[in-house]
Amino acid sequence: MKTIKIIKIGGNIIDNEDALATFIKDFSTITGPKVLVHGGGKLATKLATQMNIPVKMTEGRRITDTDTLDIITMVYAGKINKNIVAQLQANQCNAIGLSGADGNTIISEKRPVKTIDYGFVGDVKKVNTEVLKVLLSNNITPVFCAITHNENGQLLNTNADTIASELAIGLSSIFNTELYYCFEKNGVLESVEDDDSVIENINTESYKALKDNHIIFEGMLPKLDNCFHAINQNVQKVCIGKSDMLLNTNNKHTTITK
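Calculation rules
Residues numbered from 1 in each chain as written. Predicted model: local features only at pLDDT ≥ 70, side-chain atom pairs only at ≥ 80, totals over all residues. Heavy atoms only, no water. Salt bridge = Lys/Arg side-chain N within 4 Å of Asp/Glu carboxyl O. Helix = DSSP H or I, 4+ residues; strand = E, 2+ residues; numbered from the N terminus. Buried < 20%, exposed > 50% of the residue type's maximum accessible area, 1.4 Å probe, protein only. 1 Å grid on protein atoms, 1.4 Å probe; cavity = no way out; pocket = protein on both sides within 12 Å on 5 of 7 lines; lining within 4 Å. Points joined across faces, edges and corners; volume = space filled by probe spheres on them. Nonpolar A, V, L, I, M, F, W, Y, C, P; charged D, E, K, R; others polar. Axes fitted to C-alpha atoms, helices over the stretch in contact; angles between N-to-C directions. Parallel < 35°, antiparallel > 145°, perpendicular 65-115°, else oblique. Left-handed = near helix turned anticlockwise from the far one by under 90°. Contact = heavy atoms within 4.5 Å. Pairing = 2+ DSSP bridges. Phe/Tyr/Trp six-rings, centres within 6.5 Å; stacked < 30°, edge-to-face > 60°. Lys NZ or Arg CZ within 6 Å of the ring centre and 35° of its normal. Disulfide = S-S within 2.5 Å.

Chemist: Quick question: what am I supposed to make of the pattern of salt bridges here?
Modeler: If charged atoms from side chains of opposite charge come close, those side chains can pair. In this structure the tally under the stated criterion is nine salt bridges. The partner of Lys208 in a salt bridge is Asp212, and the shortest N-O contact between them spans 2.9 Å. With Lys208 and Asp212 both in helix α7 (residues 204-212) and four residues apart, this pair spans about one turn of that helix. Overall, Lys208 belongs to the exposed group, its relative accessible area being 52%. Exposure remark for Asp212: the relative accessible area of 48% places this residue in the partly exposed category.

Chemist: Would you explain the layout of surface pockets in this entry?
Modeler: One simple way to see leftover space: roll a probe sized like a water molecule over the atoms. Roughly 290 Å³ of volume is contained in the second largest pocket. Considering the residues around the second largest pocket, the lining is formed by Ile14, Asp15, Glu17, Leu20, Lys42, Leu43, Lys46, Lys79, Ile80, Asn83 and Gln87. Elements with a minimum of two residues in the lining of the second largest pocket: α2 (17-28), α3 (43-50) and α4 (66-90). No other element matches α4, which puts four residues into the lining of the second largest pocket. Partitioned by chemical class, the residues of the lining of the second largest pocket number four nonpolar, two polar and five charged.

Chemist: How should the packing of α3 against α4 be read in this particular structure?
Modeler: Geometrically, a packed helix pair is captured by the angle between its two axes and the distance between the axes. The geometry of α3 relative to α4 is characterised by a closest axis approach of 9 Å and an angle of 130 degrees between their N-to-C directions. Taken as axis vectors, α3 and α4 run oblique relative to one another. Crossing of α3 over α4 shows right-handed handedness. Each of Leu43, Ala44, Leu47 and Ala48 in α3 lies in contact with α4, whose residues at this interface are Ile71, Ile72, Val75, Tyr76, Lys79 and Ile80. Along the lines of polarity and charge, the residues of the contact of α3 with α4 split into nine nonpolar, no polar and one charged.

Chemist: Sorry if this is basic, but what is going on with the sheet that holds strand β13 (residues 237-241) here?
Modeler: Backbone hydrogen bonds are what pair the strands of a sheet, in a parallel or an antiparallel way. An order of β5-β8-β2-β1-β11-β13-β14-β12 is seen for the eight strands of this open sheet, with the pairing classed as mixed. If you trace the sheet from one side to the other, it starts and ends with β5 (95-98) and β12 (201-202), each paired once. With two bridges joining them, β12 and strand β14 (residues 254-256) adopt parallel strand pairing. Note that in β14 the partner of Ile202 across the bridge is Ile256. Along the sheet face, α2 touches β1 (3-9), β2 (34-38) and β8 (141-144) and points at about 160 degrees away from the line of β2.

Chemist: Help me out: how do you make sense of the packing of aromatic side chains in this one?
Modeler: Geometrically, a pair of aromatic rings is defined through the distance of the ring centres and the angle of the planes. One pass over the full model with this rule turns up two aromatic pairs. Ring centres 4.8 Å apart and planes at 15 degrees place the aromatic pair Tyr207 and Phe228 in the stacked group. Here the residue Tyr207 occupies a position in helix α7, and Phe228 occupies one in helix α8 (residues 220-231), the gap between them amounting to 21 residues. Directly above the ring of Phe27 sits Lys34, whose terminal nitrogen or CZ lies 4.8 Å from the centroid. Directly above the aromatic system of Phe120 lies the positively charged group of Lys110, at a separation of 5.8 Å from the ring centroid.

Chemist: Got a minute to help me understand the state of the cysteines in this structure?
Modeler: Disulfide: a covalent bond connecting the sulfur atoms of a pair of cysteines. Going through the model one piece at a time under the given rule, you end up with zero disulfides. In this model Cys182 remains outside any disulfide bridge; the closest cysteine sulfur is found in Cys239, 9.6 Å from its own. Cys227 takes part in no disulfide bond, and the closest cysteine sulfur to it belongs to Cys239, at a distance of 9.0 Å. Overall, Cys227 belongs to the buried group, its relative accessible area being 0%.

Chemist: Hey, could you run me through the side chain of Ser99 in this one?
Modeler: Among the secondary structure elements, Ser99 is positioned in the loop between β5 and β6 (106-110). With sequence-adjacent residues up to four places away left out, Ser99 is seen in contact with Thr105, Phe144, Cys145 and Ile147.

Chemist: Would you explain the pairing of β2 in this entry?
Modeler: Remember that side chains alternate between the two faces of the sheet whenever the strand is regular. With respect to burial, β2 is a largely interior element, five of its five residues being buried. Residues Lys34, Leu36 and His38 of β2 are buried on one face, and the alternating residues Val35 and Val37, pointing to the opposite face, are buried as well. Sheet topology note: the β1/β2 ladder contains five bridges and is parallel. Note on β2: the bridge partner recorded for Ile9 is His38. Where β2 and β8 come together, two bridges link them in parallel fashion. Counted as the bridge partner of Leu36 is Val143 from β8.

These values are about where atoms sit, not about what they do.
Below you can see the structure in the form of structure tokens.
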């Protein structure tokens, strides 16, 4: 089985022109099949503010009404996605920009209303690997934005960390899959004030202890939940850290294991 890398980048790279250019240059040198997943950065919020569309957040998550969905579709699937694809082509990495609707690759359902109505937010139900297999076998790199669909014509805003995790799980039937979450820290930190306090290995048991002791909390929890979901569903390797871990495995980062 070939090994494939699924790499997710966030706002710290997307919002910084120089950081994005450096990342794309490095990403393009990675050999073998690979998939890139990106979030939306701050551009959607900036555009919404310019258009006088209220930005509604709850517990760090965006409420996606009809107007907001229009904006994030334009920004995520349009401006950001195509800019990344164009820069990859300039670095001799043949790429294709995708949402979950393209090739019917990622099917979601609208998140059910419990205590909070998140609006047009999708929870991933299925990844179709057949189209991805054709692209990857022809050395074409898929670049996914954080938009999926429900097979009934409705686009859905979907967490990019979750998309990366579900793609890694879906592709694990035909590849050895490695999942990398690239963000602004060196890894999961024991102390948020100390960038060098990287917890280099976290397993299921130590994760529980870290949560119980409130060392890991709030924003890191959904990311780590996605990591453990992946590692428990046949994904071979899951790492969190700065993007330089992709080319230099000696750089400090966090590895997730069972």
